[in-house]
Amino acid sequence: MLVLGIETTCDETAAAVIERDERGQGEIRSNVILSQLEAHQAFGGVVPEIAARAHVEALDGIIEAAMDQAGTNFSRLDGVAASAGPGLIGGVIVGLTTAKAISLVIGKPLIAVNHLEAHALTARLTHKIEFPFLLLLVSGGHTLLMSVEDVGQYRRIGGTRDDAIGEAFDKTAKLLGLPYPGGPAVERCAKDGEPSRFKLPRPMFGERLPDFSLSGLKTAVRLEAERIAPISRQDIADLCAGFQASVTDVIVDRVQRAVEILRESGREPNAIVVAGGVAANRAIRDVMEEMAIALGLPLVIPPPELCTDNGAMVAWAGAERLARGLVDPLDAKPRARWPLETNPVPA
Ligand code: KG4
Ligand code: ZN
């Protein structure tokens, strides 16, 4: 089956065409992304109104490019998928309405995809991985640990109580005068830094519930920076290295705890999957690899361009749902908030 996927929940306007065979193997026929990075950079973050207008302007052309690159036409599609949330509502409305229009015209089903489900299922597009698996979703908007048990079946194990990890990278970068998005900037600076120079906290480390808390760490970086002001290039590098080391230690501890909980409740995962923009971080990938070996579990991290927001993940989630007969009516609602989890795993 051939599915078009549309992604407009944040600051990427994206469309892709995915082919899924009867055995459940996926192939990316096209994956076109337009990042609005420059439109938002001056503001140090995503401005919802600017994002929505930019999606309106760009989306038609992006879809056309995705169809062209896939070498197909609308009449050959089996379904049209769009992220229907969670996300910035203006953008969500643009993508979902466009998908509805196409679906209506070509007479093929609409699939209103949860953006988090799209991140969660990407690993099944890139790797042959069976349910259940443990998902660590780490992006600018989300920090979640979930047991992915089937399409549409997600159990929350833990998550952040305040900032998302990507958000903490972005805020830390901003307070140190580094550019947006902060993740790549902090990672770059951390390479020249001494991680142990500043004593930074490791919030939630060792706690029974595998939750996260990032706001205290960000504040600790700010207090250190203020204490030693004015800060030099080397100070910035040391603070970035210290921040990244704290985040890395916390991630490993929290994921280990999540695996423990799953094992205790008889839900042995087949793999640990990492998704979201923060998964692009090399230091985090490296420690996760060591940890997975120690736990005796395969670690699956899709390539960076499929970890950050993209259309292929939406098309793929759409195809996985369509293959199970899960389609949506044309009055499906765009949703700013849309939790994915069904029942939590008892800790
Ligand atoms: O998944 P994504 O593209 O967008 C959503 O938030 O949905 O993730 C973007 C986030 C940003 O907060 C960015 O700073 C972070 O991912 N990020 C990174 C790195 N690359 C992107 N964080 C740490 N290290 C990186 N190399
Ligand atoms: Zn995302």
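Scroll up to find the structure this text is about.
The present account deals with the structure reproduced in this document. (Residues numbered from 1 in each chain as written. Chains lettered and ligands numbered in written order. Predicted model: local features only at pLDDT ≥ 70, side-chain atom pairs only at ≥ 80, totals over all residues. Heavy atoms only, no water.)

Here the focus is the site of ligand 1. Neighbouring ligand 1 are 18 residues; G140, D170, G183, E187 and G277 lie closest to it. In the environment of ligand 1, an oxygen atom lies 2.7 Å from a nitrogen or oxygen atom belonging to the side chain of D170. Side-chain polar atom of D309 to an oxygen atom of ligand 1: 3.3 Å apart, as the coordinates give it. When contributions to the shell around ligand 1 are tallied by element, the ones reaching two or more residues are helix 5 (165–175) and helix 6 (182–190). Of the residues in the shell around ligand 1, the class split is 5 nonpolar, 10 polar and 3 charged. (Near = heavy atom within 4 Å. Polar contact = N/O pair within 3.5 Å; in protein donor to acceptor, adjacent residues only side chain to side chain. Helix = DSSP H or I, 4+ residues; strand = E, 2+ residues; numbered from the N terminus. Nonpolar A, V, L, I, M, F, W, Y, C, P; charged D, E, K, R; others polar.)

Quick look at the coordination of the zinc ion (ligand 2) now. The textbook angles at a metal center are 109.5 degrees for a tetrahedron of four donors and 90 or 180 degrees for an octahedron of six. Taken together, H115 (NE2), H119 (NE2) and D309 (OD) make up the full set of protein donors to the zinc ion (ligand 2), lying 2.1 to 2.2 Å away. If you look at the zinc ion (ligand 2), its 4 donor atoms make angles of 91 to 142° with each other, and the shape they trace is irregular. (Donors = N, O, S within 2.8 Å, 3.2 Å for Na, K, Ca; no water. Tetrahedral: all angles 85-135°; square planar, octahedral: opposite > 155°, others 65-115°.)

Scanning the entire structure with this criterion turns up 2 aromatic pairs. Aromatic side chains F131 and F133 sit 5.9 Å apart centroid to centroid with 10° between the ring planes, which places their arrangement in the stacked category. Geometrically, the ring pair formed by F169 and F243 is edge-to-face, given 5.0 Å between the ring centres and 90° between the ring planes. Remark: F243 occurs in helix 8 (residues 233–264) and F169 occurs in helix 5; sequence separation between them is 74 residues. Note on accessibility: F169 and F243 belong to one class, buried. (Phe/Tyr/Trp six-rings, centres within 6.5 Å; stacked < 30°, edge-to-face > 60°. Buried < 20%, exposed > 50% of the residue type's maximum accessible area, 1.4 Å probe, protein only.)

A few words now on the packing of helix 8 against helix 9 (residues 282–295). Two quantities define a packed helix pair, namely the angle between the axes and the distance from one axis to the other. Where helix 8 meets helix 9, the axes come as close as 10 Å, and the angle between the chain directions of the two elements is 30°. Classified by the interaxial angle, the pair formed by helix 8 and helix 9 is roughly parallel. For the pair helix 8 and helix 9, the sense of crossing is right-handed. Along the contact surface, helix 8 presents Q244, V247, T248, I251, V252, V255, Q256, V259 and R263, while helix 9 presents A283, I284, V287, M288, M291 and L295. Looking at the contact of helix 8 with helix 9 residue by residue, the class counts come to 11 nonpolar, 3 polar and 1 charged. (Axes fitted to C-alpha atoms, helices over the stretch in contact; angles between N-to-C directions. Parallel < 35°, antiparallel > 145°, perpendicular 65-115°, else oblique. Left-handed = near helix turned anticlockwise from the far one by under 90°. Contact = heavy atoms within 4.5 Å.)

To continue, consider the pairing of strand 1 (residues 2–7). Extensive coverage of strand 1 is indicated by the burial of 6 of its 6 residues. In strand 1, alternate side chains face the same way, and those of L2, L4 and I6 on one face and V3, G5 and E7 on the other are all buried. Taken together, the 6 bridges between strand 1 and strand 2 (residues 12–20) define a ladder with antiparallel strand orientation. Bridging across to strand 2, G5 finds its partner in A16. With antiparallel pairing between neighbouring strands as the criterion, strand 1 and strand 2 make up a hairpin whose turn holds 4 residues. In the sheet, strand 1 pairs with strand 4 (residues 79–83) via 4 bridges, with the strands oriented parallel. Paired with I6 across the strands is A82, a residue of strand 4. (Pairing = 2+ DSSP bridges.)

Let's shift gears to the side chain of S246. With respect to the helices, strands and loops of the structure, S246 is situated in helix 8. A polar contact is formed between the side chain of S246 and the backbone oxygen of P201, at a distance of 3.2 Å. With sequence-adjacent residues up to four places away left out, S246 is seen in contact with L200, P201, R202 and L217.

All right, on to the sheet that holds strand 2 then. Taken in spatial order, the 5 strands line up as 3-2-1-4-5 in an open sheet, and their pairing is mixed. Strands at the two margins of the open sheet, each flanked by one partner only, are strand 3 (26–35) and strand 5 (110–113). When the angles between neighbouring strand axes are averaged without regard to direction, this sheet yields 15°. Its contacts with the sheet place helix 3 (residues 89–106) against strand 1, strand 4 and strand 5, and it is angled at close to 170° to strand 4.

The strands that make up a sheet are held in pairs by hydrogen bonds between backbone atoms, and each pair lies either parallel or antiparallel. If you trace the 5 strands from one edge of the open sheet to the other, you get 8-7-6-9-10, paired in mixed fashion. Of all the strands in the sheet, the pair left with one neighbour each is strand 8 (153–159) and strand 10 (299–300). As paired elements, strand 6 (residues 133–138) and strand 7 (residues 143–150) share 6 bridges and run antiparallel to each other. In the sheet register, L136 faces strand 7, and the bridge partner there is L145. Running over the sheet, helix 8 touches strand 6, strand 7, strand 8 and strand 9 (272–275) and is turned about 150° from strand 6. On the sheet, helix 9 packs against strand 6, strand 9 and strand 10 and is oriented at approximately 165° with respect to strand 9.

That is the geometry; function is a separate question.
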